[in-house]
Amino acid sequence: MDNNLSPEHFHLIRKVLREGPQNAEDRPLKRKRRRVRDYGSNESKPAVTISIDSSSDPEPQAEVVDLDSPPESNYPEKDDDLEDDYGEEDYRSDEFEDVTEPATSDDIGDVSVTIESTSKKIKNNNRVKNLCSNEERRWRRYYHMAYLACLMVHGADVNEWVNNAKLLRRLSKLIPESLFSLLHPEKDEEMPLRSTRKLLDGLRKCMELWQKHWKVKRRYTGLEYYMRDWQEISGKPNLKRKFTEKDFVRQVLKGHGNCDLATQGFVALLRSCNVNARLIMSCQPPDFTNLKKREPTSTRDYSYESVFKYPIFWCEVWDKFSKKWITVDPTNLQTIEQVRNGSKLEPRGVSCCKRNLLRYVIGFDRKNGCKDVTRRYASWYNSKCRRRRITNNESGSEWFDKVIRALHRRKRTKIDDYEEEYFNQRDVDEGMPDNLQDLKNHPKYILEKDLRNNQILKPNCKECGYLNVGNGKQILKVYDRRDLIDLKSAKQWYMEGRVLKIGSRTRKKVMKSNRGARYKNTDGAPEEERLYSVEDTQVYNPPPASVPDGKIEVNAYGNIEVFTPTMIPANCCLIESPNAIKAAKFVAVEYARAVTGFKFERGNASKPIIGGVVVAKWFKDSVVSAIEGIEYVSETEEREKHELSALNDWNVLLMKIRIKRNLNLTYGNVQEQVEVESDEDQSSDEAPGGGFFPSANAHNEEAKPTAIDSDEAEYMDRDRMGGFKDGKKQTQELGNKSFESGGFIAPEKEKSATATEESTVEQDDNENYEQFMEELGFSDKE
DNA sequence: ATGGACTATGCAACTTTGTTGTTG
DNA sequence: ACAACAACTTTGTTGCATAGTCCA
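- In the annotation of an unreviewed UniProt entry, the entry for chain A reads Transglutaminase-like domain-containing protein, and the organism field reads Torulaspora delbrueckii.

### A word on the pairing of strand E4 (residues 313-319)
Then, number 1: Buried residues dominate E4, accounting for seven of its seven residues.
Then, number 2: Side-chain alternation along E4 places Phe313, Cys315, Val317 and Asp319 on one buried face and Trp314, Glu316 and Trp318 on a second face that is also buried.
Then, number 3: As paired strands, strand E3 (residues 277-283) and E4 are joined by five bridges and run antiparallel to one another. Looking at E4, one finds that Leu279 is bridged to Cys315.
Then, number 4: Pairing geometry for E4 and strand E5 (residues 324-329), over five bridges, is antiparallel. Residue pairing for E5: Val317 is matched across the bridge by Ile326.
Then, number 5: Counted along the chain from E4 to the antiparallel partner E5, the turn is four residues long, and its residue Lys323 has a positive phi close to 60°.

### Considering the sheet that holds E3
Then, number 1: Within the open sheet, the six strands sit side by side as E6-E5-E4-E3-E7-E8. Their pairing is antiparallel. Since the sheet does not close on itself, it has two edges, and those belong to strand E6 (335-337) and strand E8 (370-372), each with one partner. If you compare each strand with its neighbour and ignore which way they point, the axes differ by 25° on average.
Then, number 2: When E3 meets strand E7 (residues 360-364), the two strands line up antiparallel, connected through five bridges. Note that in E7 the partner of Leu279 across the bridge is Phe364.

### Overview of helix H21 (residues 580-587)
Then, number 1: Among all positions of H21, only Ala580, Ala583 and Ala584 are buried. The buried residues of H21 occupy an angular sector of 95° when the element is viewed end-on, so they sit on one face. Every exposed residue of H21 that faces more than 90 degrees away from the buried side is listed here: Lys582, Lys585 and Phe586.
Then, number 2: Looking one or two residues past H21, Ala588 carries a phi angle of roughly 55°, positive in sign.

### Digging into the pattern of salt bridges
Then, number 1: Inspection of the entire model under this criterion finds 30 salt bridges.
Then, number 2: The partner of Asp416 in a salt bridge is Arg410, with the nearest N and O atoms 2.9 Å apart.
Then, number 3: Exposure remark for Asp416: the relative accessible area of 2% places this residue in the buried category.

### Quick look at the packing of aromatic side chains
Then, number 1: Counted under the stated rule, the structure contains 20 aromatic pairs.
Then, number 2: Considering the side-chain rings of Tyr494 and Phe563, the 6.2 Å spacing of their centres and the 90° angle between planes classify their relative orientation as edge-to-face. Of this pair, Tyr494 sits in helix H20 (residues 490-495) while Phe563 sits in the loop between strand E19 (559-561) and strand E20 (572-575), placing them 69 residues apart in sequence.
Then, number 3: A residue is classified by how much of its surface remains accessible, and Phe563, at 18% relative accessible area, is buried.
Then, number 4: In textbook terms, an aromatic cluster arises when at least three aromatic residues are bridged by ring pairs, as seen for Trp139, Tyr143, Tyr147 and Trp230.
Then, number 5: Sitting over the face of the ring of Phe400, Arg389 holds its NZ or CZ atom 5.1 Å from the ring centroid.

### Some remarks on the sheet that holds strand E11 (residues 465-469)
Then, number 1: Pairing in this open sheet of three strands is antiparallel, and the strands run E9-E12-E11 from one edge to the other. With partners counted over all chains shown, the strands left at the sheet margins are strand E9 (445-447) and E11, one partner each. Put simply, the sheet's adjacent strands are angled 40° from each other on average, direction ignored.
Then, number 2: Where E11 meets strand E12 (residues 474-480), five bridges bridge the pair, whose relative direction is antiparallel. Across the sheet, residue Leu467 finds its bridge partner in E12, namely Leu476.

### Comments concerning the nonpolar core
Then, number 1: By size, the foremost hydrophobic cluster in this structure holds 71 residues, and its most contacted members are Met152, Phe266, Leu270, Ile362 and Phe400.
Then, number 2: Looking at which element gives the most residues to this core, the answer is helix H7 (residues 134-162), with 13 residues.
Then, number 3: Discounting chain neighbours no more than four positions away, the residues touching Phe266 are Leu203, Cys206, Met207, Trp210, Cys315, Val328 and Pro330.
Then, number 4: One finds Ala545, Ile560, Ala580 and Val615 within the second-largest nonpolar core, a separate group that totals 21 residues.

### Remarks on the side chain of Ser489
Then, number 1: Take Ser489: it is sitting in strand E14 (residues 488-489).
Then, number 2: Overall, the relative accessible area of 3% leaves Ser489 in the buried class.
Then, number 3: Each residue touching Ser489, except ones within four places of it in the same chain, is listed here: Glu529, Arg530 and Leu531.

### Focus on a nonpolar patch on the surface
Then, number 1: Together, Met655, Ile659, Leu663 and Tyr667 give the surface a local cluster of nonpolar side chains, amounting to about 420 Å² of exposed area.
Then, number 2: You can call Leu663 partly exposed: its relative accessible area is 39%.

### Regarding the packing of helix H8 (residues 165-172) against helix H11 (residues 245-254)
Then, number 1: In contact at an axis separation of 10 Å, H8 and H11 are set at 5° when each is read in the N-to-C sense. The pairing of H8 with H11 is recorded here as roughly parallel in orientation. Every residue of H11 that contacts H8 at Lys166, Leu167, Arg170 and Leu171 is listed here: Phe248, Val249, Val252 and Leu253.
Then, number 2: Classifying every residue of the contact of H8 with H11 by side-chain character gives six nonpolar, no polar and two charged.

### Describing unusual backbone geometry
Then, number 1: Phi is positive for Gln334, close to 50°, though the residue is something other than glycine.
Then, number 2: You can see Gln334 is positioned in the loop between E5 and E6.
Then, number 3: Looking at Gln334, the relative accessible area reads 36%, which means it is partly exposed.
Then, number 4: In this structure, Asn368 takes a positive phi of about 65° despite not being glycine.
Then, number 5: In this structure, Asn368 sits in the loop between E7 and E8.

### Quick word on H11
Note that an α-helix has 3.6 residues per turn; residues three or four places apart therefore point the same way.
Then, number 1: Turning to H11, its buried residues number three or more, namely Asp247, Phe248, Val249, Gln251, Val252 and Leu253.
Then, number 2: Buried residues along H11 sit in contact with H7, H8, helix H10 (192-213), strand E2 (256-257) and helix H12 (259-272).
Then, number 3: Looking one or two places after H11, you find Gly255, whose phi comes out positive at around 80°.

### Observations concerning a positive patch on the surface
Then, number 1: Side chains of Lys166, Arg169, Arg170, Lys173 and Lys246 sit close together on the surface and give a patch of like positive charge.
Then, number 2: Here the positive patch gets three residues from one element, more than from any other, and that element is H8.
Then, number 3: Checked against the element boundaries, Arg170 lands in helix H8.

### Details of the packing of H10 against H12
Then, number 1: Relative to each other, H10 and H12 sit at 130°, their axes nearing to 11 Å. Classified by the angle their axes make, H10 and H12 are oblique. Read as a crossing pair, H10 and H12 show a hand that is right-handed. Residue-level inspection shows Leu203, Cys206, Met207, Leu209 and Trp210 of H10 in contact with H12, the latter providing Ala262, Gly265, Phe266, Leu269 and Leu270.
Then, number 2: Across the contact of H10 with H12, the residue classes break down as nine nonpolar, one polar and no charged.

The rules behind the values
- Residues numbered from 1 in each chain as written.
- Chains lettered and ligands numbered in written order.
- Predicted model: local features only at pLDDT ≥ 70, side-chain atom pairs only at ≥ 80, totals over all residues.
- Heavy atoms only, no water.
- Buried < 20%, exposed > 50% of the residue type's maximum accessible area, 1.4 Å probe, protein only.
- Helix = DSSP H or I, 4+ residues; strand = E, 2+ residues; numbered from the N terminus.
- Pairing = 2+ DSSP bridges.
- Axes fitted to C-alpha atoms, helices over the stretch in contact; angles between N-to-C directions.
- Arc of directions from axis to C-beta.
- Salt bridge = Lys/Arg side-chain N within 4 Å of Asp/Glu carboxyl O.
- Phe/Tyr/Trp six-rings, centres within 6.5 Å; stacked < 30°, edge-to-face > 60°.
- Lys NZ or Arg CZ within 6 Å of the ring centre and 35° of its normal.
- Core = buried A, V, L, I, M, F, W, Y, C linked by side-chain atoms within 4.5 Å.
- Contact = heavy atoms within 4.5 Å.
- Patch = residues over 30% accessible without salt bridge, like charges linked within 9 Å, V, L, I, M, F, W, Y side chains within 5 Å.
- Areas by Shrake-Rupley, 256 points an atom, 1.4 Å probe, with all protein chains shown as cover.
- Parallel < 35°, antiparallel > 145°, perpendicular 65-115°, else oblique.
- Nonpolar A, V, L, I, M, F, W, Y, C, P; charged D, E, K, R; others polar.
- Lys, Arg positive; Asp, Glu negative; His and termini not counted.
- Charge placed at Lys NZ, Arg CZ, Asp CG, Glu CD.
- Left-handed = near helix turned anticlockwise from the far one by under 90°.

Now the structure itself:
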């Protein structure tokens, strides 16, 4: 997840959705091994997963798990009554693990002792048992993202339905003139508050009107938009019936449907009389921070009211007088509020939050804007809400921003500024958390004990608050995160292209663990590492190359380190190409191999990555053209190889035809039968002579197409088609340096742009061909 | 009953310039 | 003899997030 937000990212999500969590195929070996070990110590997992799956929905996970799960024989008939056997099963699997090991030591007398220790172990192990595997964690994270993205796209879709012109026209007729004027009050210059009052009044009346309009209020049939836990996630979505815009419009006009629909209709109603109303959706993807393998058995059924007490959809109306958004929940709680420090819509209570965990509240406005307005509804956004969001790390928030940006289809307005200001104020008002947990990773505050090894507080900075721990037994100082300074060692700074300023003093000394010193002095004596802040460093200015001959200063290994662009000497440039070294050697100029990074491997060594060469600027052109030359040559070589194989195939084909003709001449015409035979021949053992196909590859490939990556397959496909008219493909790739070659058939003159050039080449080619055929003992004239 | 401190656990991050043998 | 390449290697420590437990 780390290389975020490339198309691969979405590809991965798609993959995740397709595969389910436990697909063992095409994973690095390393992972596989780790998982096997995991199962070894923890065998209850697969069995449980399977039984859950089979009891609820059949889903892809179930069958995949079968692939690499240990034999299930340990758990006879565990398919049903999962709940009841739950604890016992755990216990048993524990016992299996812990007892078998000592048992292999052939010492029977110790058994009683072993069991005793096991029972203790069980207690300890039991709590760890319920943590899901690393792989499952990643999968949950991706699933969470995919789920969230889908919800948000869905929200944007519904928002567009709400803007349906026909719907708005029909709905506007529901609003009487008096109500319309209430919704659009005049600005009261003396007391703007009075205008707001009027608007609120109008909204209340609208709400009442809407409640009358909405005749049939259906209950939810399932969990609908509410949060599922991981065991309820099934690989197969229910696509029985698609709810379309048409259905939506019809149902809203009729006033039939559940709470969600009613709210969406209400937004449409407000928009129909030109009120700036937002559709708000609280997205409820499954909780990726929940790493439990499965939920505890108890507390599974909640009453309808407690689960669906708080809405998923609601409405916000822009109040231009107070410059704030007004929150309206017309159906569930039926309230109107101006949110100050906490909202009534924020779900409270354990059972509620199991199904409705406020994390992503997204607003969709009438101009197709999309904004994250969670801040308004989460009273503890920074200390509690944040950590449950995917934005709790950098790559996650980048991703989230990208999704928002994709759905936000309007320009920024004044209203956005006001809202941002409001959110900032809310951040300030949230204040300091009153417990240790919430202070951990808090974006604004930090405890001294939570400082990283490489962090210090600004000298002489003052604490900004205190925290009571253990009922006032201890008082901890809380600091502002802005007083934090990140430190790095001189070497680390160098990796960022910075060196220490003269006379800078170390800010902190830490004991170096012997990780870095593995090769050097392995006597285990820990070394001291001096750390510095950014202010102690300056940008490294490498010595320039000597002027006439372009000699570059290199380090002890004969390289120059180029970790950042600033590390290239002023009068030099970096040429990044795998052929750069060869090229620089070829043109015999002064150069230095450029180390652009390091590669770490599981072994002991880390290898420098030579990303290219650094040469003086005045040598750049010659090196670049040398590289081009090298590339050109290698391309040509490749193509020649290809041509040769194509010609070879033609040779075989012609040979066959000749043999056939000779046979016909000698033994009379038995065309049909012979043809059939020869066909068979070709398809069976004469693979390489496959006529137009350049190589046996084609056949092999068809035999096992699945093993080949789709891209590659495509490439090979082209290749196969290429056969003898390959030249076309190459012309496209090489542009005007075209070689209409590879041919047996003279290339067509279709690309007349470079016709003259081509024709000469053609001739050459034909000559070549004839020559070649003669060499092979062929002659066309025969 | 609830919330928070504390603890065990496993995962992730960090590490920052090889060696030997075979083939062409 | 030399260059190019492949195979081998399968670490160790710290810090962090989470679940679960216990206690006020």
